[in-house]
Amino acid sequence: MAEPQQLQSRLLWRIFNRRSVTVAAVLVRLLSTLSLLFLISPISESNHITSESYYNGLGYGDSDCGMSSSSSSWPKLLIRGGTVVNAHHQEVADVYVEDGIVVSVKPNIQVHDDVTVIDATGKYVMPGGIDPHTHLAMEFMGTVTVDDFFSGQAAALAGGTTMHIDFVIPVNGSLTAGFEAYKVKAKDSCMDYGLHMAITKWDESVARDMEVMVKERGINSFKFFLAYKDALMISDELFLQGLKKCKSLGALAMVHAENGDAVAEGQKRMMELGITGPEGHALSRPPELEGEATGRAIHLAGFVNTPLYVVHVMSIDALDEIAKAKRSGQRVIGEPVISGLVLDDSKLWDPDFTTASMYVMSPPLRKSGHNRALQAALTTGVLQLVGTDHCTFNSTQKALGIDDFRKIPNGVNGIEERMHLLWDSMVESGMISVTDYVRITSTECARIFNIYPRKGAILAGSDADIIVLNPNSTFELSATSHHSRSDTNVYEGRTGKGKVEVTIAGGRVVWRHGELNVVPGSGRYIEMPPFGHLFDGIDKADASYLSSLHAPVKRGKVTT
Ligand SMILES: NC(=O)NCCC(=O)O
Ligand SMILES: [Zn+2]
Ligand SMILES: [Zn+2]
């Protein structure tokens, strides 16, 4: 029989999963307050192991910048007998968790019977996925994504992702106003999250606010759009200013690399040819425009000598630019997204508009072949981690562009599907090892954004964000069973091997036996400190560049 707390959470889930959020939100707040008062049992001190020393040992600050940071009681958990996988190592061991923290990882841990035991024999116990690229509750192209922080995160948890990093979009160019708006959007979070910040204009106040974001708000990355002309796009001049500022703050510059001017020209061309449907989206922004912008962004970052993170790499053209830069020793990170790895552009030509428009995203899905090259690049380390760019619009919203593909809101789902699809397409197929899987779905993201080993690892002292994956079980993806609020799913009908059977987030079991058990407000804002490892040695490279320059040439007066 279900525990009272479970029943309550299921009720909360059902309420939230419907769209009547206004009344529900009030009810939910009331119920979750009651749950903290009545339903959570106190933690007993009678265990063989205590978490105190580990928890305090890592010394993580708990300032939450005014973001939601609810911490109620946690159950004690033992995950028994699984193969515990970290990016560097795997071994059969037990994992003991207390107060939301991993206390011990070793074989044969003995516990008292107040501890919840999860049998993981024959299964993989891995760090929960971290999705570096999501858009929840995002206002975009005249509408708002259907998944907000609560529904998107609940979907993520059901698919084995336990943290995501979303993009704050400034309000009228103001970073502070944007950050405040996201504080409100994220207040019902049921999973830990971090934030990147988009830069959409440039002046002294933006430069000052970037400093505030990094030094006081826990943001260590800024995204620059070279596409979306007349909306989010910025000029090269602004991009250069932004790169310099990022470097001085130890913040990572991220780029959406497509040539926005050329895309606008391509769109005009398609409309003039009478190609107004979703296929016009792909035809108007070919891979060459992604390659050009990727190369340009890389050259400008190289000129400033600051690390660069290229988001949603979709084409061989962009991939080649990244590979070339890496060969020359430049610090460039390439992030493919799950849609680009496992889908292609063919559905954009589907005669049914609802079907075709589902697949509109930017940069667009490419011809088959690009996806396989992106997968291969992950195996060799040319690309390093996988995101989703989860940005969902339902079919009614997509229909805004029924007569004009330029008005179809751009974005696809993936936050719930990423872990399963990657396992099936890359581990099950033998392309990568299980340790590599952990690296590209979790650890690399934690390292890049400077939150490792709190996140991205199952080590004593890490946050207890853990999944249990059964390699012998199967999954099936469908809009009828997913947890996103979207009425469609670009992976409709896909099946595969490897199933996330248990998700533990912040020490709580939130997904088990096919049931979600999530509480709004339980997710924490994770501050990400600047000067991550990508900045190590940048100052030395600058110094050697300066010393390589010759002293100014002394010249006499010009005589004519
Ligand atoms: N990618 C996409 O189509 N939508 C979200 C916005 C972005 O990341 O460019
Ligand atoms: Zn983008
Ligand atoms: Zn995006």
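As a starting point, this report considers the structure included with it.

Cut-offs used in this document
The written sequence of each chain sets the order in which its residues are numbered from 1. Following the order in which they are written, the chains are lettered starting with A and the ligands numbered starting with 1. Totals for whole chains, interfaces and linings use all residues, but because this is a predicted model, local features are given only for residues with pLDDT of at least 70 and pairs of side-chain atoms are given and counted only at 80 or more. Side-chain metrics rest on all non-hydrogen atoms present in the structure, leaving aside hydrogens and water. Distances decide who is a donor: an N, O or S atom must be within 2.8 Å of the metal, or within 3.2 Å for Na, K and Ca. Water is not included, so sites may look incomplete. Between 85 and 135 degrees for all angles marks four donors as tetrahedral; over 155 degrees for opposite donors together with 65 to 115 for all other angles marks four donors as square planar and six as octahedral; every other arrangement is irregular. A run of DSSP states H or I qualifies as a helix once it reaches four residues; a run of E qualifies as a strand once it reaches two. Both are numbered from the N-terminal end. Each residue is assigned to one of three classes by its accessible area relative to the maximum for its type, calculated with a 1.4 Å probe on protein chains only: buried under 20%, partly exposed between the two thresholds, exposed over 50%. A pair of strands counts as paired when DSSP detects no fewer than two bridges linking them. To obtain an axis, a line is fitted to C-alpha atoms, over the contacting stretch when the element is a helix, and the angle between two such axes runs from 0 to 180 degrees between their N-to-C directions. Whether two residues touch is decided by their heavy atoms; if any such pair falls within 4.5 Å, the residues are in contact. Buriedness of a pocket was judged along seven lines, with at least five required to meet protein on both sides within 12 Å; pockets are open sets of points on a 1 Å grid over the protein atoms alone, cavities are sets where a 1.4 Å probe fits but cannot get out, and lining residues have an atom within 4 Å of a point. Grid points are joined across faces, edges and corners, and a volume is the space filled by probe spheres set on the points. Amino acid classes used here: Ala, Val, Leu, Ile, Met, Phe, Trp, Tyr, Cys and Pro are nonpolar; Asp, Glu, Lys and Arg are charged; the rest, including Gly, are polar.

### So, the coordination of the zinc ion (ligand 3)
Binding of the zinc ion (ligand 3) to the protein goes through His133 (NE2), His135 (NE2) and Asp389 (OD), at separations of 2.0 to 2.1 Å. Coordination at the zinc ion (ligand 3) comes from four donor atoms whose angles at the metal span 88 to 139 degrees, giving a geometry best classed as irregular. Taken in chain order, the donor set of the zinc ion (ligand 3) reads H-x1-H-x253-D. In this model, the zinc ion (ligand 3) sits 3.8 Å from the zinc ion (ligand 2). Pair noted here: His135 is in the loop between strand S6 (129-134) and strand S7 (139-140) and Asp389 is in the loop between helix H14 (370-380) and helix H15 (395-398), with a separation of 254 residues, a long-range link. The buried category is assigned to Asp389, whose relative accessible area is 7%.

### Topic: the sheet that holds strand S10 (residues 192-199)
Read from one edge of the open sheet, seven strands run S6-S9-S10-S11-S12-S13-S14, paired in parallel fashion. Every other strand in the sheet has two partners, leaving S6 and strand S14 (332-334) as the edge strands with one partner each. The mean inter-strand angle of the sheet, taken between neighbouring strand axes irrespective of direction, is 25 degrees. Pairing analysis gives five bridges linking strand S11 (residues 221-225) to strand S12 (residues 252-256), with the strands arranged parallel. The residue of S12 that forms the bridge with Phe224 is Val255. Contacts between helix H16 (residues 418-427) and the sheet are confined to S6 and strand S9 (161-168), with S6 contributing the most and set at about 110 degrees to the helix.

### Details of the layout of surface pockets
Its volume calculated, the second largest pocket comes out at about 360 Å³. In terms of lining, the second largest pocket is formed by 16 residues, of which the most central are Met141, Tyr228, Lys229, Gln267 and Arg406. In terms of residue count, the dominant contributor to the lining of the second largest pocket is helix H8 (residues 260-272) (four residues). The residue inventory of the lining of the second largest pocket, partitioned by class, reads eight nonpolar, four polar and four charged.

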